[in-house]
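Structural description and commentary
Residues per chain, in single letters:
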Amino acid sequence: MVGLPSQVDVAIIGAGGAGIGAARRLGEVRSVSVLVIEARNRVGGRVQTIAPTGFPLDRGAEWLHSADRNPLSPVARQLGFAIHRRRPEWATRLRPSGETIEAEADWIATREAQAWARRKAAAELVDQPLSSLLPPGGRWNELLDATSTWGNGAELDRVSVKDYVRYEDSGVNWRLREGYGRLFEALAEGLPVALETSVFCIDHSGQGIRLETSRGTVTAARVIVTVPTSILATEVLRFDPPLPDKLAAAAGLPLGVDDKLFISLTNSFPGIEADTFLVGSTTSRETMSYQVRPLDRPAIYCFFGGRWAAAFEREGEAATFSFAAGELARLFGNNIRRLIAPLASTAWLQDPWARGSYSYALPGHADDRATLAAPVDNRLFFAGEACSPNFFSTAHGAYMNGVTAAEAALASFAGLRMVGQE
Ligand SMILES: Cc1cc2nc3c(=O)[nH]c(=O)nc-3n(C[C@H](O)[C@H](O)[C@H](O)COP(=O)(O)OP(=O)(O)OC[C@H]3O[C@@H](n4cnc5c(N)ncnc54)[C@H](O)[C@@H]3O)c2cc1C
């Protein structure tokens, strides 16, 4: 375990995507001393790969979203990771889910109409929830809501239109065979990370910034805060003197809930092609999204979100598996029940250092991302997925944002001597 120095030039709080991005950028400047302080006993934060049965499973981030623009795509390639480029058939998954070709065409047309309505609504002065754009009694309203729980971690009535349209999506989504979490582990290799060290107070009243941690005090000239908004909004980590603007911005950008259930599938089950994408029901908002035999593995990955996912976290893995087995039996017939068993599941809302999955903006709070990201006194910097103006809620957005915060911290040193040289 990295020891805690009493003094450092830049302290980074959190070794998730943003913290790793920031530390790698600062590591390029030899004259600056850096320490990453991480509460968990591992790096990666909301990106983590596990392998309970031989093949890797990503508990958090799995997809290199906007992969053709994602700076981590070339990085992964250089590091020798195998990139799986087959695009997920998210738009056309209604037919394998039991709908007709005409119904699927209607669904695609409805989604396009929603995208157009969002752009129009976003140009208006007053922000609205995404739910205000639903056609009254619309055939696909429940499924649109379910889709929001997967994309935003929250139902449409919770999500700001203005924020939603700021997200940039090139539509290209790739996966890493070894797992996204393994990439972040590789990126964190050699970085000065103090694990199992939580920060509970940032005292910025004096000349040096004092970090009160579970393993003692560290003084830093600059601090980059990368913890999730849930940690700031609940003051698990607090500022002294308080920063009410940051607290309000973090509260305006809550973390939605998305979870995964991984199921093993006996290889002998016939008739299911590798990488089949499905939805459990096209008429209920309380349904799961499925990847069947992803990357040709003997497994089914189930994805679910929103208020309903929070309830499943409380009920536990057996209840979640029972629900998924019911949906899969409706899609594939009862025989499938004999061939599936739970492998692993997540409960990100209950995770004490995440307290949710990824951020969305409440209606009226789209500009909170800029408020959260703004430095304080040119010595307290903020990064993390929630601070990203266009790639929020993603791992690459967090990483890029960490790099940006590190550059701002370095620029703030221009013309000054480092703390250790004083
Ligand atoms: C189920 C799920 C699926 C996802 N799918 C995708 C996907 O396919 N593609 C994608 O791009 N993104 C995906 N994401 C989102 C992505 O994982 C996150 O947006 C991103 O990893 C967040 O990185 P971050 O650095 O901002 O925060 P984090 O990863 O949360 O890092 C912050 C770190 O700070 C630490 N910390 C918290 N409090 C303290 C404290 N007081 N003191 C010290 N340390 C502290 C935490 O332990 C954590 O390690 C998914 C997330 C989930 C949960």
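Residues numbered from 1 in each chain as written. Predicted model: local features only at pLDDT ≥ 70, side-chain atom pairs only at ≥ 80, totals over all residues. Heavy atoms only, no water.

The subject of this paragraph is the packing of helix H1 (residues 17-27) against helix H12 (residues 395-412). Contact pair H1 / H12: the axes reach a minimum separation of 7 Å and the direction vectors enclose 40°. Compared by their axis directions, H1 and H12 come out oblique. Judged by the twist between their axes, the crossing of H1 over H12 is right-handed. In this structure, H1 uses Gly 17, Ala 18, Ile 20, Gly 21, Ala 22, Arg 24, Arg 25 and Leu 26 to contact H12, whose residues at the interface are Ala 398, Tyr 399, Gly 402, Val 403, Ala 406, Glu 407 and Leu 410. In the contact of H1 with H12, the residues fall into 9 nonpolar, 3 polar and 3 charged. (Axes fitted to C-alpha atoms, helices over the stretch in contact; angles between N-to-C directions. Helix = DSSP H or I, 4+ residues; strand = E, 2+ residues; numbered from the N terminus. Parallel < 35°, antiparallel > 145°, perpendicular 65-115°, else oblique. Left-handed = near helix turned anticlockwise from the far one by under 90°. Contact = heavy atoms within 4.5 Å. Nonpolar A, V, L, I, M, F, W, Y, C, P; charged D, E, K, R; others polar.)

We now examine the pairing of strand S11 (residues 216-225). In terms of residue burial, S11 counts as a mostly covered element, since 7 of its 10 residues are buried. Bridging between strand S1 (residues 7-13) and S11 involves 6 bridges; their strand directions are parallel. Residue pairing for S11: Ile 13 is matched across the bridge by Val 225. Where strand S10 (residues 209-213) and S11 come together, 5 bridges link them in antiparallel fashion. Bridge pairing in S11 places Glu 212 opposite Thr 217. (Buried < 20%, exposed > 50% of the residue type's maximum accessible area, 1.4 Å probe, protein only. Pairing = 2+ DSSP bridges.)

Moving on, we come to the side chain of Asp 203. Position of Asp 203 relative to the elements: it lies in strand S9 (residues 199-203). With no salt bridge to any partner, buried Asp 203 finds its closest opposite charge in Arg 210, at an N-O distance of 4.2 Å. A distance of 2.6 Å separates polar atoms of two side chains, one belonging to Asp 203 and the other to Ser 205. Not counting residues within four places of it along the chain, the set of residues in contact with Asp 203 comprises Gly 208, Ile 209, Arg 210 and Asp 240. (Lys, Arg positive; Asp, Glu negative; His and termini not counted. Salt bridge = Lys/Arg side-chain N within 4 Å of Asp/Glu carboxyl O. Polar contact = N/O pair within 3.5 Å; in protein donor to acceptor, adjacent residues only side chain to side chain.)

Glancing now at the sheet that holds strand S16 (residues 289-292). Judged by pairing direction, the sheet is antiparallel, and its 5 strands sit side by side in the order S15-S16-S17-S14-S18 without closing on themselves. In this open sheet, the two strands that pair with only one neighbour each are strand S15 (276-279) and strand S18 (340-345). Here the strands of the sheet are splayed against their neighbours by 25° on average, with no regard to which way each runs. Pairing of strand S14 (residues 258-265) with S18, which is carried by 5 bridges, proceeds in the antiparallel orientation. By the bridge assignment for S18, Phe 262 is matched with Ala 344. Packed on one face of the sheet, helix H9 (residues 307-315) meets S14 and strand S17 (299-305) and runs near 115° to S17. Helix H10 (residues 317-332) contacts S14, S15, S16, S17 and S18 of the sheet and is inclined by roughly 135° relative to S18.

Among the 38 residues in the neighbourhood of the ligand, the closest are listed as Glu 38, Arg 46, Trp 63, Glu 385 and Ala 395. Here Ala 18 contributes a backbone N or O atom positioned 2.9 Å from an oxygen atom of the ligand. The backbone of Trp 63 places a nitrogen or oxygen atom 2.8 Å from an oxygen atom of the ligand. Coverage of the ligand by the protein chains reaches 99% of its 1000 Å² of free accessible surface. At the level of secondary structure, the elements contributing two or more residues to the shell around the ligand comprise H1 and H12. In terms of residue class, the shell around the ligand is made up of 17 nonpolar, 14 polar and 7 charged. (Near = heavy atom within 4 Å. Areas by Shrake-Rupley, 256 points an atom, 1.4 Å probe, with all protein chains shown as cover.)

Turning our eyes to something else, we now look at the nonpolar core. Taken as a class, soluble globular proteins show a tendency for nonpolar side chains to be buried jointly. Ranked by size, the top nonpolar core spans 41 residues in total, and within it Ile 12, Tyr 180, Phe 184 and Ile 224 carry the most contacts. Counting residues per element, the ones that place at least two in this core are S1, H1, strand S2 (34-37), helix H2 (72-78), strand S7 (174-176), helix H6 (180-188), S11 and H12. Take this core: its biggest share by element is 7 residues, from H12. For Tyr 180, the contacting residues outside a window of four places in its chain are Val 47, Thr 49, Asp 58, Ala 61, Glu 62, Trp 63, Leu 64, Asn 70, Leu 72, Ala 395 and His 396. Counting residues in hydrophobic clusters, the runner-up holds 30 residues, among them Val 225, Leu 243, Val 376 and Phe 382. (Core = buried A, V, L, I, M, F, W, Y, C linked by side-chain atoms within 4.5 Å.)

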